[in-house]
Amino acid sequence: MILAGDIGGTKSNLALMEKKGDRFAIVFVHRYTSQEHSRFEEIVDDFLGRVKPYLSASPAGKIVAAGFGVAGPVMGRKVHITNLPWGLDADSLARQLGTPHIVLLNDLEATGYSLAWLAPEDLSTLNAGSPAPQAAQALIAAGTGLGEAILMWNGSRYVVAPSEGGHTDLAPRTEKEIELLRYLKGWHPFVSFELVVSGRGFLTLHEFLDKSVRHPSFDEPGVDPAPEITKLGLEGSCPVCVQTLDLFVDLYGAEAGNLALKALARGGVFVAGGIAPKILPKLQTGAFFRAFCEKEKFQELLSTVPIHIVLNEEAPLLGAAAEAAGRELAAANAGAR
């Protein structure tokens, strides 16, 4: 049994997973609201209580390894979550779980390691392109924030290099986007892609386009307006929501193309995170791909890059479990020698 976690500032998902052949199966999963806990160890204690019957019935009778994808930069054996006052400590978790095999990963790193384990139905292809075997790949994921990572072939598999690329400066390309930058500079000293290509970006873009149009979720404390904006935009029932989705998709595609150029990702670009599956019809209109390709001198090259949407929102759990299992197996083999 392997414990996997997808830990962020809004929610923390923990799953008990079991490797079956060349796939990982979720035995039990539970979602926690991160802000309701003062320490991550509290969440782990609660989860261990919930899965005790499953562990008792397993051959090992315990968790043999644990992997956690965390929304923050990993420094050695520790990681501090970007939007929370607490973090994770691998040594502390090893004592709590009774296993030395603890893997801490950036959340995009965990998603990157899931790609090799995804089933065909977990992906939707925007552009088949002409994939170059063992060439670099890129991963971009808009959700609560905007994550980016690069995958490099090491001779036997892809290794994920995490980054904080979502916090790079917004690069406007059109007159409308230049207006957006001026609008954002009025109340943000630094304007990053994450400000607009993320969940919070939907309300920002909507208010930039027309502040006079309001919807019920805009004024409800603690309610995220993004689902209402995307719903109305996909239905076509609110013109401003339609424009918001159009602008969001253009910006998302443009930054995905920027990342593809920086990584020279001829092996493919993967678009993950919670937003992409929810706006898939909009991504499939061709606007994302056009913005992706519109680069000086490299439109033809970018048109050959495969683009896949990751539909499986449990990908970070899968990647964290796979890395934990792999390192536990490597340690076992080393011990056998």
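Bear in mind the structure is a predicted one, so any value in this text is a computation, not a measurement. (Residues numbered from 1 in each chain as written. Predicted model: local features only at pLDDT ≥ 70, side-chain atom pairs only at ≥ 80, totals over all residues. Heavy atoms only, no water.)

Within the secondary structure layout, Arg23 lies in strand β3 (residues 23-33). Using a relative accessible area of 35% as the deciding quantity, one classes Arg23 as partly exposed. Between the C-alpha atoms of Arg23 and Lys11, which are 12 residues apart in sequence, the distance is 25 Å. Among all residues touching Arg23, those that are not within four sequence positions of it are Glu18, Trp117, Leu118 and Ala119. (Helix = DSSP H or I, 4+ residues; strand = E, 2+ residues; numbered from the N terminus. Buried < 20%, exposed > 50% of the residue type's maximum accessible area, 1.4 Å probe, protein only. Contact = heavy atoms within 4.5 Å.)

As a further point, take the pairing of strand β8 (residues 102-106). By the criterion of burial, β8 is predominantly enclosed, with 5 of the 5 residues buried. Alternating positions in β8 separate into two faces, Ile102, Leu104 and Asn106 on one and Val103 and Leu105 on the other, with burial throughout. Pairing analysis gives 5 bridges linking strand β4 (residues 65-70) to β8, with the strands arranged parallel. Paired with Phe68 across the two strands is Leu104, which belongs to β8. (Pairing = 2+ DSSP bridges.)

Strand pairing in a sheet relies on backbone hydrogen bonds. The paired strands run either parallel or antiparallel. Pairing within the open sheet is mixed, and its 5 strands lie in the order β3-β2-β1-β4-β8. Strands at the two margins of the open sheet, each flanked by one partner only, are β3 and β8. Sheet twist, expressed as the mean angle between neighbouring strand axes with direction ignored, is 20°. Two elements, strand β1 (residues 2-7) and strand β2 (residues 11-20), share 6 bridges in a ladder whose sense is antiparallel. Looking at the pairing, Leu3 lines up with Leu16 of β2. Against the sheet, helix α1 (residues 40-56) engages β1, β2, β3 and β4, with an angle of about 135° to β3. Its contacts with the sheet place helix α3 (residues 107-114) against β4 and β8, and it is angled at close to 105° to β8. (Axes fitted to C-alpha atoms, helices over the stretch in contact; angles between N-to-C directions.)

By the bridge criterion, 5 bridges tie strand β11 (residues 146-153) to strand β12 (residues 158-162) in an arrangement that is antiparallel. Bridged to Leu151 within β12 is Val160. A loop of 4 residues connects β11 with β12, the two strands running antiparallel in sequence, and Gly155 in this loop sits at a positive phi of about 110°.

Now for the pattern of salt bridges. Within this structure, the stated rule accounts for 14 salt bridges. With a closest N to O distance of 3.4 Å, Lys278 and Glu313 form a salt bridge. Within this pair, whereas Lys278 is found in helix α8 (residues 275-278), its partner Glu313 is found in the loop between β14 (307-310) and α12 (315-336), the two being separated by 35 residues in sequence. When its relative accessible area of 44% is taken as the criterion, Glu313 is described as partly exposed. One connected set of salt bridges, linked through shared partners, spans Arg173, Glu177 and Glu294. (Salt bridge = Lys/Arg side-chain N within 4 Å of Asp/Glu carboxyl O.)

Once that is clear, we can look at the sheet that holds strand β7 (residues 87-89). Ordered in space as β5-β6-β7, the 3 strands form an open sheet in which the pairing is antiparallel. Taken across any chain shown, the strands that pair with only one partner, and hence form the sheet edges, are β5 (74-75) and β7. The pairing of strand β6 (residues 78-80) with β7 spans 3 bridges and is classified as antiparallel. When the bridges of β7 are listed, Lys78 appears paired with Asp89.

With that out of the way, let us pick up unusual backbone geometry. With a phi close to 65°, Gln134 is a non-glycine residue in the positive phi region. The topology assignment puts Gln134 in the loop between β9 (123-127) and β10 (137-142). In the Ramachandran plot, Leu264 falls in the positive-phi region, its phi being about 50° despite a non-glycine side chain. Considering the arrangement of structural elements, one finds Leu264 in the loop between α7 (239-263) and β13 (269-272).

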